[in-house]
Structures are given as C-alpha cells and as structure tokens.
Amino acid sequence: MPTALQSFNRLVLLTSTAVYFLILVGGIVRNTSSGMGCPDWPKCFGSYVPPTSEDGLPADYQGFYLESRLAKTDRLVNTLKRFGFHKTAEKIENDPYLEREERFDATTAWIEYINRLIGVVIGFLVLLTTYKSFKFWKTKKLITIVAVLGLVLILFQGWFGSLVVATNLIPAFVSVHMVLAFLQILLLMYLIFLSSSHSQHPETPVWVRSWVTALFVLFIPQVLLGTQVRHIVDLAVFEGYGRADWLLNIDWKFYFHRSYSLVFLISLLILFVRIRMLHVSGVLMKFISWCLVLVIFESVSGAVMYYFNFPFGLQPLHLLLASLIFGFLFYLTLVSRVQIVK
C-alpha cells in the first residue's frame, strides 16, 4: 500500500501531466487562431456553454463584446498609470489588436471553450494538491509552502487569462501568460522532487552539478527568445500574411534563437557522453537522456517550421517540447544535487 508521500507524488505527477496537456492545447488554440473564439471571460458569448450558431446572438454582438473588452482594458490601463507604468499603459492603448471585432465561429469557440475547461480541471487538481500538502506541514513544511504558491499562481494565471482576452490577445500578454505556465511547471517539478525518495541520496560531483545548472540557466533565454519569435509570427498573422511570409520581418532574435539551439544541443550532448563514460545509471542518466532526445526533436521541429512554412500542428508540438525540456532540466538540476554517481 502506497504511503501518504507516494500518493501525494502520484497526484502531483497527474497535475503536472494535465498542465503539459494544457500547454499543448493552448498551442493548438494559438495555431488555429481560436484565442478569441470566446470574446468574453469566463463565459463564452454570454453563456457557460458556447452557442452552436450565430442565430441566438444579438444583431450587434460584435460591437457589444468589443465595447465590453475596451472598458476592461481602460480599467487596466488606468491602473497601470496609477502605479507609474505609463509606457506599458501607452503600448496597450495604442496596440492595433485592441479594436478588432471578433465574429462568431463555432469551431474556434469550442476550441477555446475546451481550453478553458481543461484549465478549470487543472485548477481543481492544484487545489486538491494544496489540500493534500497540509498533511506534511509538520514533517516537510516546504511541500506545503510550494503547493500553496502553486495555488496562488494558478489563481493569478486565471485572472491574467481574463486580461489576455480583454486585450484581444496582445502578443506581449500572451507571452506573459505562457511564462506563468512555465513557472507553474517549476513549482510542480519541485513538488515531485520533494515527494520522491531519491531526494535522500548523496551528492554528485561538483562538475556535474555545475554543468546541469548552467544548462538550465542557459535554456531560460532560449525560451524567452522563442516568445519573441512567436511575437513576430503573431504580428504577421494579424496583418494577414500567408504561412510562407510569416518570417518576412524576422530580425536577429530569430537567427540567434536558431543558432543558440545548436550550441545548446552540443553542450548537452557533451555532458551526456561524459556521464555515459562514467557508467552512470538511475534518475540522473535517465533525465539527461530524455533531455537530449527532446532537444533533438525540438531542433528538428524548428528547422521543419522554417524550411517548410510552418506545417499545421507543428507549432503546438514545438511549444510542448520546449516546456518539457524546461521542466526536465529543472528537475535534473535538483536531482544532480543529491543523486549519487557510482
């Protein structure tokens, strides 16, 4: 019979899997331009279940939802100005995305609705995880603290999601929303680590810890650069360019992002070979192997998108692979500080 800690570990694994699935679905939402399939939040065209046709909507529903969004955006802009963020407020005010009216489309509405439903399920899983974490308050306080932080973050993310809709998917807001999802991954991976038995093993050699930590830190700017490249693609989509022209306005960020991935892959490969020569087995080697496989697939998917004009469905996969690498590298950083090397 599993112990309380083992049961908690399985719950966190389930929650983490759900979060990764949500990231994939979120990528599909963006890839199908379904982000504004529901122009209001948390409802969808004024209902908790999306309509199946335009017939039941008011004649001027586009203007109504646009006016509602703009009112919410104005409140956000005024709040930012009160706290001194004038430049950010001005960028939001002048963004060309804001005043675009969204026409009802049943397909995009249901894609976005499913995305929101999955988000609600994850919210309940995080709530359950937090509730279960209080069993360990006396023995492992850090588990409870991290779980509570995860709950606060998911609530904040839900609120921020309403701003993403209100601002009509301003790329900067979409990128922040994605960064919040990555932070959620960090907290969940930390919970998995804290509730796993290998956290009691002796330390690894210093060079392994340093190399693994450096790889994780170096992957962060790669993720941020990826959001900038996606920003360029979003602008091209907004302006009506076809897939073949999405990268017409690329700048140094794209080329650096592409070259950086090759350097990162080589660095990870060198670490893999060096540790393989030590005949290491167990969690450390397993996660390094998985990271290497994921980085290879991530690099290939990026090359295919570039040379074959963004085949449908590859962007969500690229995002999912990046989030998996990010989570695995963080977990590897934690494990490398305690996992024994024989």
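So, here's what we can say about the structure. Please read all numbers here as calculations on a predicted model, not as lab measurements.

A word on the overall build of the chain. A tally of helices and strands in the chain yields 10 helices and zero strands. For the chain, the succession of helices and strands along the chain, N to C, is α-α-α-α-α-α-α-α-α-α. By the compact-globule yardstick of 20 Å for 342 residues, the chain fits well, its C-alpha radius of gyration being 22 Å. C-alpha extents for the chain along the principal axes are approximately 70 × 50 × 40 Å. In the chain, the share of contacts with a sequence separation of at least 24, taken over all contacts with a separation of at least 6, comes to 80%. As displayed, the chain offers around 17700 Å² of accessible surface, 68% of which is attributable to carbon and sulfur atoms.

We now examine the layout of surface pockets. If you add up the space inside the second largest pocket, you get close to 800 Å³. Lining the second largest pocket are 35 residues; nearest its centre among them are Gly-226, His-257, Glu-298, Met-305 and His-318. Those elements giving two or more residues to the lining of the second largest pocket turn out to be helix 1 (4–31), helix 6 (171–194), helix 7 (206–238), helix 8 (252–277), helix 9 (283–307) and helix 10 (314–336). When its residues are assigned to classes, the lining of the second largest pocket shows 20 nonpolar, 11 polar and four charged.

A separate point is unusual backbone geometry. With phi around 55°, Phe-45 is a residue other than glycine that occupies positive phi space. With a relative accessible area of 6%, Phe-45 lands in the buried category. Non-glycine residue Asn-309 carries a positive phi angle of around 55°. Looking at the element boundaries, Asn-309 is found in the loop between helix 9 and helix 10. For Asn-309, a relative accessible area of 36% puts it in the partly exposed group.

In this section: the pattern of salt bridges. Per the stated rule, a full pass over the model turns up four salt bridges. The closest approach of N and O atoms between Arg-103 and Glu-54, which form a salt bridge, is 3.3 Å. Taken together, the positions of Arg-103 in the loop between helix 3 (86–93) and helix 4 (106–133) and Glu-54 in the loop between helix 1 and helix 2 (61–82) put the pair 49 residues apart, joining distant regions of the chain. Overall, the relative accessible area of 27% leaves Glu-54 in the partly exposed class. Notably, a salt bridge pairs Asp-251 with Lys-253, separated by 3.3 Å at the nearest N-O pair.

The contact between helix 2 and helix 3 brings their axes to 8 Å, and the two run at 160°. Judged by the angle between their axes, helix 2 and helix 3 are roughly antiparallel. As for how helix 2 packs across helix 3, the hand of that crossing is left-handed. Residues Thr-73, Leu-76, Val-77, Leu-80 and Lys-81 of helix 2 touch helix 3, and the partners they reach there are His-86, Thr-88, Ala-89, Ile-92 and Glu-93.

Conventions and cut-offs
- Residues numbered from 1 in each chain as written.
- Predicted model: local features only at pLDDT ≥ 70, side-chain atom pairs only at ≥ 80, totals over all residues.
- Heavy atoms only, no water.
- Helix = DSSP H or I, 4+ residues; strand = E, 2+ residues; numbered from the N terminus.
- Rg over C-alpha atoms; globule rule 2.2 N^0.38 Å.
- Contact = heavy atoms within 4.5 Å.
- Areas by Shrake-Rupley, 256 points an atom, 1.4 Å probe, with all protein chains shown as cover.
- 1 Å grid on protein atoms, 1.4 Å probe; cavity = no way out; pocket = protein on both sides within 12 Å on 5 of 7 lines; lining within 4 Å.
- Points joined across faces, edges and corners; volume = space filled by probe spheres on them.
- Nonpolar A, V, L, I, M, F, W, Y, C, P; charged D, E, K, R; others polar.
- Buried < 20%, exposed > 50% of the residue type's maximum accessible area, 1.4 Å probe, protein only.
- Salt bridge = Lys/Arg side-chain N within 4 Å of Asp/Glu carboxyl O.
- Axes fitted to C-alpha atoms, helices over the stretch in contact; angles between N-to-C directions.
- Parallel < 35°, antiparallel > 145°, perpendicular 65-115°, else oblique.
- Left-handed = near helix turned anticlockwise from the far one by under 90°.

All we've got here are geometric facts, nothing functional implied.
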